Every structure is written in structure tokens, then in C-alpha cells.
Amino acid sequence: MIDLRSDTLTKPTPHMLQTILTASLGDDDRTHELGRGEDPTVNELEDLAARITGKQAAVLVPSGCMANTAAVLAQVKPGSTLLVDEQQHLLLSEKYLFDPDFGRMQLKTYRHDEHGQPNLDDIAAALDAGGVDLICVENSHNYAGGAVVTCDRLAAVHELAQAHGVPVHMDGARLFNAATALGVPAADICVHVDSLMFCLSKGLGAPVGSVICSDQETILAARRIRKALGGAMRQAGIIAAPGIYALRHHVERLQEDHDNARAFADAIAGLACTRIVGDVVTNIVVVDVSGITDDPLAYCERAAEHGLIIRPVMKRYIRFVFYLGITHDDALEAARIVRELESAFAR
Ligand SMILES: Cc1ncc(COP(=O)(O)O)c(C=O)c1O
């Protein structure tokens, strides 16, 4: 079976697992006044993450969802107004920030264009109308087919936000995919946002963990929220060690995943009724199969019978994600199955 549901399916490599055995460990939730814990490996990961993203400080959390939640709550109170992309993961999938019984955030949305770039007119209009407390962007943009927001567009969003005294948070779950696609260091992207998170557990291939990066004060606040959410861990060096390994050894190989996504997309490009949504620039390909069926779940069930595991996103599209462990041959075989499905549904 070829499983293209998500890049969260990566398994730690033997080399990565080896780092756990030799990691120096301590109690990461036994903290001094700046909030640093006693686990040297966690501290090393947080310092490395801060350095790579060009921010003052960083904090390790168990998941991307907690990272977004803690980063936002570190900057604005429950009940504040967030201006987010209308197809942003933290809105459509996580939802907790907008839950009336949890984050109680008020929602304003902006659109993105067919290349996944945030609509500046929408953002300017929302800011001019007043009441926006925080802007959220996502890079790469999962539901926009792994689209990458350019540094210029991020800079424009940041400029508008700064003019209104509003901070910008970036969901950079796949920050390094975005940096790879743009051919720039991650810090060149992160300079245009006030806080960001990235995931170790997606394309980077680590088993667990995400990191929030920002200024010292925001990270201290995020540490307090992390504790409240149950995310303060003890010998978390066993999570941090594979994370450090991932940042040192798995960033460059992301290009392979992008190439496999491209090869898959090229091989299905000529199909009449299987339409690729947006550009294919990273490791995600989103496909619209409404030309052959109005039931994407039924399509996925048929795909599984042919040896391909995929899932619908946003109820109407299907997402194919390429990651560590998925080969070029797997990508071509997945494309062959998609071509076969197009004719199978026509029969
Ligand atoms: C863009 C984006 N942000 C955040 C998350 C949440 O990460 P996690 O599954 O680690 O909570 C995901 C997960 O797929 C994601 O795709």
C-alpha cells in the first residue's frame, strides 16, 4: 500500500532513534526564572530553533495544534479577534481557539489567491475597520495545495499589521518546505512575522514535537500556556534529540519530496476530469475529482482497493502528501492508480 494521507506518517530513522540513547536528559519542567528547564537537550533544540528562525527564543511543545494555541494565547486574551485565512488549518481543523467554551476567539477572515497568497485588500479592509488583535498566516499553506507565501507578500502583510499595531503569527508547520521551495533560509521568511511555530513531526521526520519561536516575552508567556495545556514535559530530551537530528539532517532532503510531488502531478496533468488545485511547489498535491464523482470518500475507498491510501480534505478535494519514506517509484505508481481510477469511474 502507498499511504499519501499525510507527512505526519513519517517514521523515525534508525540514526534518529540512536540520538535518543545518548541524549543528556533533565527535568524540562523544573524551570529557572527565564523559564528554561533543566533538560540540556531540550535547551539545545530551543536554541537551535531560535537561531535558525532568527528569533530571540523558542519553546518545545508536543504538537502543532498546541503550538498554534499557545502562541496565540501568549499574545492575545481569549475572546480577542483573530484575522485568519479562510482555509487556515487552525480554523478548519484545530478549531479550539474559536470554540465558545475554550479560546472564545472572534473570527475575521481573509481570502488567498489561486497561488495561495493572502489577499492584501481583505487584510487592509479588516484592519481599517478596527478590532483585529492578531493576524494569522500559514506557510506553506496546507489546504491551498502546499502553496508557499512569498517573502514579499509576507512583508506586505507585516507592514499593514505593524501600521495598526497588530502582531502576526505564522503557522509554519511546514516552514522548511516553504523555505526549500523559495530557496531562502527559514529566517528570511520568519523575519516578517512576530511569532511562528514549525513542526518537527511532519516532513522533517521526527516522531513528536513542534517549536514556537518569537521574542523572549512571548516565549515566556507561551511556556505558561504550555504548562496550563498539559504540554510541559519532564525528560523531553528524548523528543528533542530526534528533533535536533531532523533539523541537522532532514531539511535538505525535503527537495526530494517536492520532486516526487511534481513527478506525480506531471504524470496526472493530462487527465480530463482529475484537476490539480493550485500550484504544486512543495510536498502536497490537492486534487479535485468532482469531474468524476461527487463523493470523494467513495473515490478514496476505490483508491484503497488499488493500493493507494488517501483522504478527502475540505469535504470536496483529495490530498496527496509526499514525505520521507515515499519514493519516486511510489509517486509514479500513485499517478498510475489515479489515471486508472479516472477510467474506472467512467465505466
Ligand atoms: C498547517 C498545519 N498546522 C498545524 C497542524 C497541527 O499539527 P499537529 O498534528 O502536530 O497538532 C497541522 C497538522 O497536520 C497542519 O497541517
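Scroll up for the structure.
Residues numbered from 1 in each chain as written. Predicted model: local features only at pLDDT ≥ 70, side-chain atom pairs only at ≥ 80, totals over all residues. Heavy atoms only, no water.

What is the right way to look at the overall build of the protein chain in this model?
In terms of regular secondary structure, the protein chain is built from 13 helices and 13 strands. Here the C-alpha atoms of the protein chain give a radius of gyration of 20 Å, agreeing with the 20 Å that 2.2 N^0.38 yields for 347 residues. A burial count over the protein chain gives 57% of its 347 residues as buried. Restricting to contacts in the protein chain with at least 6 residues of sequence separation, those with at least 24 account for 72%. Accessible surface, the protein chain as shown: approximately 14,200 Å² in total, 51% of it carbon and sulfur. For the protein chain, the centre of its 31 positive side-chain charges and the centre of its 46 negative side-chain charges are spaced 4 Å apart. (Helix = DSSP H or I, 4+ residues; strand = E, 2+ residues; numbered from the N terminus. Rg over C-alpha atoms; globule rule 2.2 N^0.38 Å. Buried < 20%, exposed > 50% of the residue type's maximum accessible area, 1.4 Å probe, protein only. Contact = heavy atoms within 4.5 Å. Areas by Shrake-Rupley, 256 points an atom, 1.4 Å probe, with all protein chains shown as cover. Lys, Arg positive; Asp, Glu negative; His and termini not counted. Charge placed at Lys NZ, Arg CZ, Asp CG, Glu CD.)

Even after reading the chapter, I still don't get the sheet that holds strand 3 (residues 81-85), so can you show me in this structure?
Within a sheet, neighbouring strands are paired by backbone hydrogen bonds and run either parallel or antiparallel to one another. Overall, mixed pairing links the 7 strands, which are arranged 2-8-7-6-5-3-4 in an open sheet. Strands at the two margins of the open sheet, each flanked by one partner only, are strand 2 (57-61) and strand 4 (106-110). Neighbour-to-neighbour, the strand axes of this sheet turn through a mean angle of 20°, independent of strand direction. Summarising the sheet, strand 3 and strand 4 pair through 5 bridges and their orientation is parallel. When the sheet's bridge partners are listed, L83 is paired in strand 4 with K108. Helix 5 (residues 120-129) contacts strand 3, strand 4 and strand 5 (134-138) of the sheet and is inclined by roughly 145° relative to strand 4. (Pairing = 2+ DSSP bridges. Axes fitted to C-alpha atoms, helices over the stretch in contact; angles between N-to-C directions.)

Would you mind going over the packing of helix 3 (residues 64-75) against helix 9 (residues 216-228) with me for this structure?
Each packed pair of helices is defined by two parameters, the angle between the axes and the distance between the axes. Between helix 3 and helix 9, whose axes approach to 8 Å, the crossing angle comes to 120°. The angle between helix 3 and helix 9 falls in the class oblique. Helix 9 is crossed by helix 3, and the crossing has right-handed handedness. Counting all contacts with helix 3, which are made through M66, A70, L73, A74 and Q75, the residues of helix 9 involved are T218, A221, A222, I225 and R226. (Parallel < 35°, antiparallel > 145°, perpendicular 65-115°, else oblique. Left-handed = near helix turned anticlockwise from the far one by under 90°.)

Everything listed is a geometric property; what it means functionally is a separate question.
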